[in-house]
Amino acid sequence: MFIFKLTYKKPLEDVEKYLGAHREYLDKFYQAGNFIASGPREPRVGGVILCNAKSIENAKEIIAQDPFYIYEIADYEITWFHATKHNSENFNAALE
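Presented here is a report on the structure given in the accompanying data block. (Residues numbered from 1 in each chain as written. Predicted model: local features only at pLDDT ≥ 70, side-chain atom pairs only at ≥ 80, totals over all residues. Heavy atoms only, no water.)

### Remarks on the overall build of the protein
And then number 1: Each helix and strand counted, the protein has 4 helices and 4 strands in total.
And then number 2: The linear arrangement of helices and strands in the protein, starting from the amino end, is β-α-β-β-α-α-β-α.
And then number 3: Taken against the 2.2 N^0.38 rule, which gives 12 Å for 96 residues, the C-alpha radius of gyration of the protein at 13 Å falls within 12% of a compact globule.
And then number 4: Counting only C-alpha atoms, the protein reaches 40 × 30 × 20 Å along its principal axes.
And then number 5: Of all 96 residues assigned to the protein, the portion counted as buried reaches 30%.
And then number 6: In the protein, of all internal contacts separated by at least 6 residues, the share reaching a separation of at least 24 is 69%.
And then number 7: Accessible surface, the protein as shown: approximately 6500 Å² in total, 51% of it carbon and sulfur. (Helix = DSSP H or I, 4+ residues; strand = E, 2+ residues; numbered from the N terminus. Rg over C-alpha atoms; globule rule 2.2 N^0.38 Å. Buried < 20%, exposed > 50% of the residue type's maximum accessible area, 1.4 Å probe, protein only. Contact = heavy atoms within 4.5 Å. Areas by Shrake-Rupley, 256 points an atom, 1.4 Å probe, with all protein chains shown as cover.)

Structural data, given as structure tokens:
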């Protein structure tokens, strides 16, 4: 599993221009079963995506399709971790 930490490197006006395309990208990978959760950081300096990818190479292929990546709106930091425990009830409660 991977955590993608996005940090905007352009002004919010530029972020807003590509937000619709970025949301379409998110929808594509939610439907494919890769994305588990995503959202903006506070303060609004970027975002976070929790991703289920087969490998670091696959994770990078997924990132390469994001308009924020393509148009150099955000930098990506990738953290690879092995989820050995989880609690679905607590996860669902955190989303409320």
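### Here we look at the packing of aromatic side chains
And then number 1: As enumerated under the stated definition, the model contains 10 aromatic pairs in all.
And then number 2: Here the aromatic rings of Phe4 and Tyr76 are separated by 6.1 Å at their centres, their planes lie at 75 degrees, and the arrangement is edge-to-face. Of this pair, Phe4 sits in strand E1 (residues 2-8) while Tyr76 is found in strand E4 (residues 74-80), placing the two residues 72 residues apart along the sequence.
And then number 3: Residue Tyr76 is classed as buried on the basis of its relative accessible area of 18%.
And then number 4: With 5.8 Å between their ring centres and 85 degrees between their planes, Tyr30 and Phe35 make a pair best called edge-to-face.
And then number 5: For Phe35, a relative accessible area of 5% puts it in the buried group. (Phe/Tyr/Trp six-rings, centres within 6.5 Å; stacked < 30°, edge-to-face > 60°.)

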